[in-house]
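Chain by chain, the residues run as shown.
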Amino acid sequence: MILADKIIALRKKNGLSQEELAEKMSVSRQSVSKWEGAQSVPDLNKIIMLSEIFNVSTDYLLKDDIAEAELLETPAAVDSGEDLRQVSMEEANEFLDSNRRYAGKLAVGTLLCILSVIPMIFFGVLSEQAENDLLAGLGVVLMLGIIAAAVAIFISSSRLTEKYKFLDTEAIDTAYGVDGMVKERLEKFKPVFDRSLIIGVVLCILGAAVMILTGTWASSPDKSIKGNTDLLEALGVCAMLALIAVGVFIIVRASTVKGGFDRLLEEGDYSRINKEYSKNGVNVVMIYWLVIVGIFLGISFGLNAWKYSWIVFVVGGVLSPVVSELSKLGKRKNK
């Protein structure tokens, strides 16, 4: 076993993420990642630090022919003592493929949820202008139909990764070669991920710009558009929602695919420490979004402000990361 694989095995055995090991050694996470990817070798001082942290001899770390670690008499690290769930190469490949399909379906469902508001807004304005309640009813029916399709997609897509739920909550031990395979595929995906984030954010910004432009045009003194102000504003909101829907689709799909790599590598939100936090208490973020949806429906139906209630989701999206971090802080204090 080479040094890179030994570092991976020992790090996971001691329940440490790459960030945590890097902090203990006063190096960057990228340095630890390069060691584990056999892209670089730690110097002698770092080898000694690894020996002390993992409570193993330097001979074990440096000599490839020593397969079993001999613990030092004075322990420098504490073994978590937990039984780790084993993940084979076949399971890892199956999960990544299933997660990629799941990412596509999840993104489509999210896209439909955002688009579902468009027919209600559009037909609602037409109903007011034509004084025909049937058009408003048609808009609501179309919205509910699209939401029903989105829910069906969410339910069916959850089955794709149902058997891999343990990756969200349990500490894992990957078979030899799995970490290297995952890192290789992640490196190939990173340019796609970065590009997807850029395109998604740009589309969301363009959506807001389109709505502002149409709103400005509708409020202009131009007589040619007089009487169509409400329709223009509605079209602007619909165009904005359509662009945001596409942008969110791209971001959700890319982020979900990357989340699959993070699960197998136990990095980011899926590090062992975060898994422990997720076991303590309720899912605050899920409750938060249920409240956001409730506020949206309350404003939309109670005040009949469908043209403006979408702002609730924009504000909710901006505050969501803050709520997530506050939730993690609360779980750390309660642990």
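One can find the structure itself at the top, above this paragraph.
Quick caveat: nothing in here was measured; it's all calculated off a predicted structure.

## Re the overall build of the protein chain
When you go through the protein chain residue by residue, the secondary structure sums to 14 helices and two strands. Here the protein chain holds 335 residues, and the buried ones make up 38% of them. A separation of at least 24 residues holds for 76% of the contacts in the protein chain among residues at least 6 apart in sequence. When the accessible area of the protein chain is evaluated, it comes to approximately 18300 Å², of which 63% is carbon and sulfur surface.

## Describing the packing of helix H6 (residues 89-115) against helix H7 (residues 117-130)
In the contact formed by H6 and H7, the axes pass within 5 Å of each other and the chain directions differ by 15 degrees. What the angle tells us is that H6 and H7 run roughly parallel. Residue-level inspection shows Cys 113, Ile 114 and Leu 115 of H6 in contact with H7, the latter providing Val 117, Ile 118 and Pro 119. Of the residues belonging to the contact of H6 with H7, the class tally is six nonpolar, no polar and no charged.

## Considering the pattern of salt bridges
Any two side chains of opposite charge can pair, given that their charged atoms come close. Counting across every chain of the model gives eight salt bridges. Between Lys 12 and Asp 179 there is a salt bridge, and its shortest N-O distance comes to 3.3 Å. In this pair, Lys 12 sits in helix H1 (residues 3-13) while Asp 179 sits in helix H10 (residues 178-218), placing the two residues 167 residues apart along the sequence. Here the two residues Lys 12 and Asp 179 agree in accessibility, since each one is buried.

## Some remarks on the packing of aromatic side chains
Taken as a whole, this structure holds four aromatic pairs when the rule is applied. On the basis of an interplanar angle of 65 degrees and a centroid distance of 5.2 Å, the ring pair of Phe 95 and Tyr 164 is categorised as edge-to-face. Of this pair, Phe 95 sits in helix H6 while Tyr 164 sits in the loop between helix H8 (133-158) and helix H9 (166-169), placing them 69 residues apart in sequence. Tyr 164 carries the same exposure label as Phe 95, and that label is buried. Relative to Phe 193, the ring of Phe 189 lies with its centre 6.3 Å away and its plane at 40 degrees, an arrangement referred to as tilted. Here Phe 189 pairs with Phe 193, and both are found in helix H10, just four residues apart, close to one helical turn. Just above the ring of Phe 166 sits the side chain of Arg 85; from NZ or CZ to the centre is 3.9 Å.

## Things to note about the environment of Gly 137
Positionally, Gly 137 belongs in helix H8. Take Gly 137: its relative accessible area is 32%, and that puts it in the partly exposed class.

## A few points about a nonpolar patch on the surface
Residues Leu 144, Ile 147, Val 151 and Ile 155 make up a contiguous nonpolar surface patch of about 320 Å² in total accessible area. With respect to the element layout, Val 151 can be found in helix H8.

## Some details on the side chain of Asn 14
You can see Asn 14 is positioned in the loop between H1 and helix H2 (18-25). Engagement of the side chain of Asn 14 in a polar contact is seen with the backbone oxygen of Leu 10, the distance being 2.8 Å.

## Focus on the nonpolar core
In a soluble, globular protein the nonpolar side chains are often hidden away together inside. Counting 20 residues, the largest nonpolar core has Val 87, Leu 96, Leu 167, Val 182, Phe 261 and Leu 264 as its most contacted members. Within the residue set of this core, elements represented by two or more residues are H6, H9, H10 and helix H11 (229-265). By residue number, the principal contributor to this core is H10, which donates six residues. For Val 182, the residues in contact, after removing those within four places along its chain, are Leu 96, Phe 261, Leu 264 and Leu 265. Met 143, Leu 241, Ile 244 and Ile 292 belong to the second largest nonpolar core, which has 17 residues in total.

## Some points on empty space enclosed by the protein
Scanning the entire structure with this criterion turns up one cavity of 30 Å³ or more. In this model, the largest cavity occupies a volume close to 40 Å³. If you go around the largest cavity, the residues you meet are Leu 96, Asn 99, Arg 100, Arg 185, Val 257 and Phe 261. Sort the elements by how many residues they give to the lining of the largest cavity and H6 lands first, with three residues. Of the residues belonging to the lining of the largest cavity, the class tally is three nonpolar, one polar and two charged.

## Quick word on the environment of Leu 203
As for its position among the elements, Leu 203 is in helix H10. Taking the relative accessible area as the measure of exposure, Leu 203 reaches 16% and is therefore buried. A C-alpha to C-alpha distance of 5.2 Å links Leu 203 and Gly 247, two positions 44 residues apart in sequence. Beyond its immediate stretch of four places on either side in the chain, Leu 203 contacts Leu 243, Val 246, Gly 247 and Ile 250.

About the thresholds
Residues numbered from 1 in each chain as written. Predicted model: local features only at pLDDT ≥ 70, side-chain atom pairs only at ≥ 80, totals over all residues. Heavy atoms only, no water. Helix = DSSP H or I, 4+ residues; strand = E, 2+ residues; numbered from the N terminus. Buried < 20%, exposed > 50% of the residue type's maximum accessible area, 1.4 Å probe, protein only. Contact = heavy atoms within 4.5 Å. Areas by Shrake-Rupley, 256 points an atom, 1.4 Å probe, with all protein chains shown as cover. Axes fitted to C-alpha atoms, helices over the stretch in contact; angles between N-to-C directions. Parallel < 35°, antiparallel > 145°, perpendicular 65-115°, else oblique. Nonpolar A, V, L, I, M, F, W, Y, C, P; charged D, E, K, R; others polar. Salt bridge = Lys/Arg side-chain N within 4 Å of Asp/Glu carboxyl O. Phe/Tyr/Trp six-rings, centres within 6.5 Å; stacked < 30°, edge-to-face > 60°. Lys NZ or Arg CZ within 6 Å of the ring centre and 35° of its normal. Patch = residues over 30% accessible without salt bridge, like charges linked within 9 Å, V, L, I, M, F, W, Y side chains within 5 Å. Polar contact = N/O pair within 3.5 Å; in protein donor to acceptor, adjacent residues only side chain to side chain. Core = buried A, V, L, I, M, F, W, Y, C linked by side-chain atoms within 4.5 Å. 1 Å grid on protein atoms, 1.4 Å probe; cavity = no way out; pocket = protein on both sides within 12 Å on 5 of 7 lines; lining within 4 Å. Points joined across faces, edges and corners; volume = space filled by probe spheres on them.

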